[in-house]
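The primary structure of each chain is shown beneath.
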Amino acid sequence: MPLLPALQDAASPAAAREAVRFDEASLTYARLTEVTDALAARLAGAGRVAVWATPTARTVVAVVAALRAGVPAVPLNPKTGERELAHIVADSAPSAVLASPDDVLPPALAALDRVDVGTAATGPAPAALPEPDPESPALIVYTSGTTGPPKGAVLPRRALAASLDALEDAWQWTADDVLVHALPLFHVHGLILGVLGPLRRGGSVRHLGRFSPEGVARELGAGGTMLFGVPTMYHRLAEALADPDASAGFAKALAGARLLVSGSAALPVHDHERIAAATGRRVIERYGMTETLMNTGVRADGVPRPGTVGPPLRGVELRLVEEDGTPLDGPESIGEIQVRGPNLFTGYLNRPDATAAALTGDGWFRTGDMATLDPDGYVRIVGRKATDLIKSGGYKIGAGEIENALLDHPGVREAAVTGEPDADLGERIVAWVVPADPAAPPAADALADHVAAQLAPHKRPRAVRYLDALPRNDLGKIMKRALHD
């Protein structure tokens, strides 16, 4: 089966159906086939391409054309700081960057050939587009750089198909579904699940461009059947439902959706309950990673249970292990999640050492997430094996890269970064700073802006706390748990 079967034939029954809708454009399957055919012909043999992944229909055209041409695409976050972007470009070595004609690209991309992407065909289509090998790379998605510079996870076509088909089974996902979301298009949740998922099913996706409760209510009230979001979005929906001037309209729209799905971090139980009480509709959760795509998910015909991410999806093997790798037998014991199956990546680009460290000898991926298993197989994640992963606003953020950016500031002598609970973001980033001049510490806003410029805006510290010294053990390692104490 082709990865995107509805795009193989412009005369198919799906041809007249709306495939994607953004504020500025709506494309039927026939138009999407036509325009991606023409662009795919230009990309053939390009080796590898970068995509300036703005929340627009042009990003969808660029990624789909690359997939149809069999050319691996590297989605780029337009808000990435100069250092991180330069690393990704040097590491992935794309031959070209695909962007909208009106996009202003940063200097890190200046040496690449630029291909302007539109929503109308601009050249002859190839006679036929052969389906690439299932093991060939489809996307290279960069991780958040938890323990160093971001790594490029190579995702084969086989993994995309297996994960999306497992979700079709779990969520009873069909061509009649209309997915609504406002997620970024440079990572797994927004791009693979939120765009390629509907396109593989022959359904439709309506992207809001920018999240707002009003936009969600509008699209769900106009035929949307599914909503994808991160906990921050659902928290804001819960807040909107509590507003007596607007709650009736929001509640009716959410109640009319077939599925409300949250992912990328745990949705607080309080928000689960507020949404359920106002709408009669339960939010369901799923669990995945860049390297594994989706591992577990609450089924459409299952029992939603706040605090859990459901059982393993079809085709996914999941086990919990002790620190020494010994598998746990009984339920409700805490262990590290390891997964195996056709949903896994093929490795980290240019990093055979990191790939080997991430996998066991018999092919299980070490997620670094700790969990328990309920007696019926539902997975309950309790935290990271390491302490340096912060989940804020739907992003997984590594403390180490923020610390490195802070240490580059002339006013910082020492720095540590942690996360702490935040009602809106899930966790907020906290910087603990020992200033170079205690009498004149750098302003908190200046430090936050410095991090945002070097990395990305969502990685900026939300709080800065000044110390005379960081707590360290006898070996000189910073004891982060003692910071909050």
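Here we summarise the structure given alongside this text. Numbering of residues begins from 1 in every chain and follows the order in which that chain's sequence is written. Selection of residues for local features in this predicted model requires a pLDDT of at least 70, selection of side-chain atom pairs for listing and counting requires 80 or more, and totals for whole chains, interfaces and linings are taken over all residues. Only hydrogens and water are set aside; all other atoms, that is, all heavy atoms of the structure, feed into the side-chain values.

With that out of the way, let us pick up the packing of helix 7 (residues 231-241) against helix 9 (residues 269-279). In the contact formed by helix 7 and helix 9, the axes pass within 9 Å of each other and the chain directions differ by 45°. One finds that helix 7 runs oblique with respect to helix 9. Relative to helix 9, the crossing made by helix 7 is left-handed. Counted together, Tyr 234, His 235, Ala 238, Glu 239 and Leu 241 of helix 7 and Asp 271, Arg 274, Ile 275, Ala 278 and Thr 279 of helix 9 form the full contact between these two elements. Just so you know the grouping, Ala, Val, Leu, Ile, Met, Phe, Trp, Tyr, Cys and Pro go in nonpolar, Asp, Glu, Lys and Arg go in charged, and all remaining residues, Gly too, go in polar. For the contact of helix 7 with helix 9, the class distribution of residues is 5 nonpolar, 2 polar and 3 charged. Angles here are taken between N-to-C directions and fall from 0 to 180 degrees, while the axes themselves are lines fitted to C-alpha atoms, restricted in helices to the stretch in contact. Helix and strand definitions here come from DSSP, where helices need a minimum of 4 consecutive H or I residues and strands a minimum of 2 consecutive E residues; each element is numbered from the N-terminal end. Just so you know how the angles are binned, under 35 degrees is roughly parallel, over 145 roughly antiparallel, 65 to 115 roughly perpendicular, and the rest oblique. Left-handed is the label given to a crossing in which the near helix is rotated counterclockwise from the far helix by less than a right angle, and right-handed is the label when the rotation is clockwise. Two residues form a contact once any of their heavy atoms are found within 4.5 Å.

Here we take up the packing of aromatic side chains. Ring pairs shown here join Phe, Tyr and Trp side chains whose ring centres sit within 6.5 Å, with only the six-membered ring taken for Trp; geometry is labelled stacked below 30 degrees between planes, edge-to-face above 60, and tilted in between. Under the criterion given, the structure shown has 5 aromatic pairs. Considering the side-chain rings of Trp 173 and Phe 228, the 5.8 Å spacing of their centres and the 80° angle between planes classify their relative orientation as edge-to-face. Of this pair, Trp 173 sits in the loop between helix 4 (157-171) and strand 9 (178-181) while Phe 228 sits in strand 11 (residues 226-229); the two residues are 55 residues apart in sequence, bridging distant segments of the chain. Both rings, one in Phe 345 and one in Phe 365, keep their centres 5.6 Å apart while their planes meet at 85°; by these two values the pair is edge-to-face. One end of the pair, Phe 345, is in the loop between strand 16 (335-340) and strand 17 (347-348); the other, Phe 365, is in strand 18 (residues 365-373), and 20 residues separate them in sequence. This pair shows no difference in class: Phe 345 is buried, exactly as Phe 365 is. Through a chain of ring-to-ring contacts, the aromatic side chains of Trp 171, Trp 173 and Phe 228 assemble into a single cluster. For a ring to carry a charge above it, either NZ of a lysine or CZ of an arginine must fall within 6 Å of the ring centroid while also lying within 35 degrees of the normal to the ring plane. The ring of Tyr 348 carries Lys 151 above its face, with NZ or CZ at 5.0 Å from the centroid. Between buried and exposed lies partly exposed: a residue is buried under 20% and exposed over 50% of the maximum accessible area for its type, with that area taken using a 1.4 Å probe on protein chains only.

With that settled, consider the sheet that holds strand 2 (residues 25-28). When DSSP finds at least two bridges between two strands, those strands are taken to pair. Reading across from one edge, 2-1-10-9-11-12-13-14 is the order of the 8 strands in this open sheet, with mixed pairing throughout. In the strand order of this sheet, the two ends are held by strand 2 and strand 14 (293-297), each with one partner. When the angles between neighbouring strand axes are averaged without regard to direction, this sheet yields 20°. Packing of helix 1 (residues 29-43) onto the sheet brings it into contact with strand 1 (18-22) and strand 2, and relative to strand 2 it is tilted by some 90°. Each of strand 1, strand 9, strand 10 (204-207) and strand 11 touches helix 6 (residues 213-221); the most contacted strand, strand 11, lies at about 155° to it.

Next up on the list: the environment of Asp 23. Summarising the element assignment, Asp 23 is placed in the loop between strand 1 and strand 2. Under the relative-accessibility criterion, Asp 23 is labelled exposed at 68%. Apart from residues lying up to four places away in sequence, Asp 23 is in contact with His 207 and Leu 208.

Running from N to C, helix 1 and helix 2 (residues 57-69) cross one another at 60°; their axes reach a closest spacing of 8 Å. The angle between helix 1 and helix 2 places the two elements in the oblique class. Our pair here, helix 1 against helix 2, has a crossing hand that is right-handed. Taking contact as the criterion, the partners of Leu 32, Thr 33, Val 35, Thr 36, Asp 37, Leu 39, Ala 40 and Leu 43 in helix 1 are, on helix 2, Val 61, Ala 62, Val 64, Ala 65, Ala 66, Arg 68 and Ala 69. Residue composition of the contact of helix 1 with helix 2, grouped by class: 11 nonpolar, 2 polar and 2 charged.

On to helix 7. The buried count for helix 7 comes to 9 of 11 residues, which makes it a mostly enclosed element. Considered for burial, the residues of helix 7 that qualify are Pro 231, Thr 232, Met 233, Tyr 234, His 235, Leu 237, Ala 238, Ala 240 and Leu 241.

On to the pairing of strand 23 (residues 426-435), then. Of all 10 residues that make up strand 23, 7 are buried, and the element is covered over most of its length. Where strand 22 (residues 412-422) lies against strand 23, 10 bridges are found, and the strand directions are antiparallel. Note that in strand 23 the partner of Ala 415 across the bridge is Val 433. Here strand 22 hands over to strand 23 after 3 residues, the two strands then running antiparallel side by side. For strand 23 and strand 24 (residues 463-466), the ladder comprises 4 bridges, and the chain directions are parallel. Its bridge partner lying in strand 24, Trp 432 is registered against Arg 465. Remark: the strand 23/helix 12 (residues 444-454)/strand 24 crossover connection has right-handed handedness. Handedness rule for crossovers: strands pointing away from the viewer, path from the first strand over the helix to the second running clockwise, crossover right-handed.

Here Ala 93, not a glycine, exhibits a phi torsion of approximately 50°, which is positive. Secondary-structure assignment places Ala 93 in the loop between helix 3 (82-92) and strand 5 (96-99). Phi is positive for Asn 350, close to 60°, though the residue is something other than glycine. The topology assignment puts Asn 350 in the loop between strand 17 and helix 10 (352-358).

Taking strand neighbours across the sheet as the criterion, the 3 strands line up as 22-23-24 in an open arrangement whose pairing is mixed. What marks the edges here is a single partner per strand, and that holds for strand 22 and strand 24. Put simply, the sheet's adjacent strands are angled 25° from each other on average, direction ignored. Against the sheet, helix 11 (residues 399-407) engages strand 22 and strand 23, with an angle of about 145° to strand 22. Helix 12 rests against strand 22, strand 23 and strand 24 of the sheet, and its axis sits at about 120° to strand 24.

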